[in-house]
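# Coordinate analysis (summary)
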Amino acid sequence: MEKQFRFGVFLRPDPRTCAAVTQITGQLRAQYGMISAGAFPPHLTLAGSLPVVVPLAELIQLIGFVLRRRRTFPVQNLGIRRLADFAIAYDVSALDGAPNRPLNDLAGAVDSVVRPLLGPSGTLPPDLYEPDRWLPHISLVSHDLRVRADLREEIEDYVNGLGVIPPSSFTADTVMLYRFAHNTWAGSWWRDMRWEHV
């Protein structure tokens, strides 16, 4: 079966935050077999699971156009938070007690260029910026908890008990584009998805 490609536009945290994410996701894999968050590079999703129908060069050009108009800005890590019923993540949604406007503006700008490039998505919709619902976060455990919701509280306690302390803030200065491959994008697709840094 031929691989189907999707793309992700991700804000990369600082190296120490990335290391904290990797340490936690590695522990969750070793202790609970949770692999979804660790199947991705550490990141904050600006736009994800994008079934783009234009050539890669055009996608890169359009994203580059958006990024050249942006300045760096601070991102605060508010600590570990439960998101809905299926994720535990670092909450990076606010800056000094208010929504992080530059972060929201960046996600909105990326959305404005990628949304028109999308083709059919099948049963897995793209992860796009929705101003009233978007909560910036860095996942520590995610899709696996849809399958094993019974472990959510235990895993949340375990993650808090690890004592992994990331920096309280970092500078948003690196946006990365990744290409993901899977045969169907159905079922537990994160178990055998492949990715590359574009």
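Quick look at the structure, then.

## Here's the deal with the overall build of the protein chain
- Across its full length, the protein chain holds 5 helices and 11 strands.
- When the backbone C-alpha atoms are referred to their principal axes, the protein chain occupies close to 45 × 45 × 30 Å.
- Counting every position in the protein chain, which comprises 198 residues, the buried fraction comes to 48%.
- Counting only contacts in the protein chain whose residues sit at least 6 apart along the sequence, the fraction spanning at least 24 positions is 80%.
- About 10200 Å² of surface is accessible on the protein chain, with carbon and sulfur atoms providing 50% of the total.
- Averaging the positions of the 20 positive and the 20 negative side-chain charges in the protein chain gives two centres separated by 5 Å.

## Thoughts on the sheet that holds strand β10 (residues 175-182)
- Strand order across the open sheet formed by 4 strands is β2-β1-β10-β11, with antiparallel pairing between neighbours. Each edge of the sheet is formed by a strand with only one pairing partner; in this case those strands are β2 (44-50) and β11 (194-197). In this sheet, neighbouring strand axes are inclined to one another by 20 degrees on average, regardless of whether the strands run parallel or antiparallel.
- Alignment of strand β1 (residues 4-11) against β2, held across 4 bridges, turns out to be antiparallel. Bridge pairing in β2 links Val9 to Ala47.

## Regarding the sheet that holds strand β4 (residues 80-83)
- The antiparallel open sheet is built from 3 strands, whose spatial order is β4-β5-β8. Sheet topology places β4 and β8 (137-141) at the edges, where each strand pairs with a single neighbour. For this sheet the average axis-to-axis angle between neighbouring strands, irrespective of direction, equals 40 degrees.
- Of the pairings in the sheet, the one linking β4 to strand β5 (residues 87-91) comprises 4 bridges and is antiparallel in character. Paired with Leu83 across the two strands is Ala87, which belongs to β5.

## A word on the layout of surface pockets
- If you add up the space inside the largest pocket, you get close to 970 Å³.
- In this structure, the largest pocket is lined by 33 residues; those nearest its centre are Phe86, Asp127, His137, His143 and Arg146.
- Of all the elements in the fold, those that place two or more residues in the lining of the largest pocket are β1, β2, β4 and β8.
- For the lining of the largest pocket, the residue count by class is 18 nonpolar, 8 polar and 7 charged.

What counts and how
Residues numbered from 1 in each chain as written. Predicted model: local features only at pLDDT ≥ 70, side-chain atom pairs only at ≥ 80, totals over all residues. Heavy atoms only, no water. Helix = DSSP H or I, 4+ residues; strand = E, 2+ residues; numbered from the N terminus. Buried < 20%, exposed > 50% of the residue type's maximum accessible area, 1.4 Å probe, protein only. Contact = heavy atoms within 4.5 Å. Areas by Shrake-Rupley, 256 points an atom, 1.4 Å probe, with all protein chains shown as cover. Lys, Arg positive; Asp, Glu negative; His and termini not counted. Charge placed at Lys NZ, Arg CZ, Asp CG, Glu CD. Pairing = 2+ DSSP bridges. Axes fitted to C-alpha atoms, helices over the stretch in contact; angles between N-to-C directions. 1 Å grid on protein atoms, 1.4 Å probe; cavity = no way out; pocket = protein on both sides within 12 Å on 5 of 7 lines; lining within 4 Å. Points joined across faces, edges and corners; volume = space filled by probe spheres on them. Nonpolar A, V, L, I, M, F, W, Y, C, P; charged D, E, K, R; others polar.

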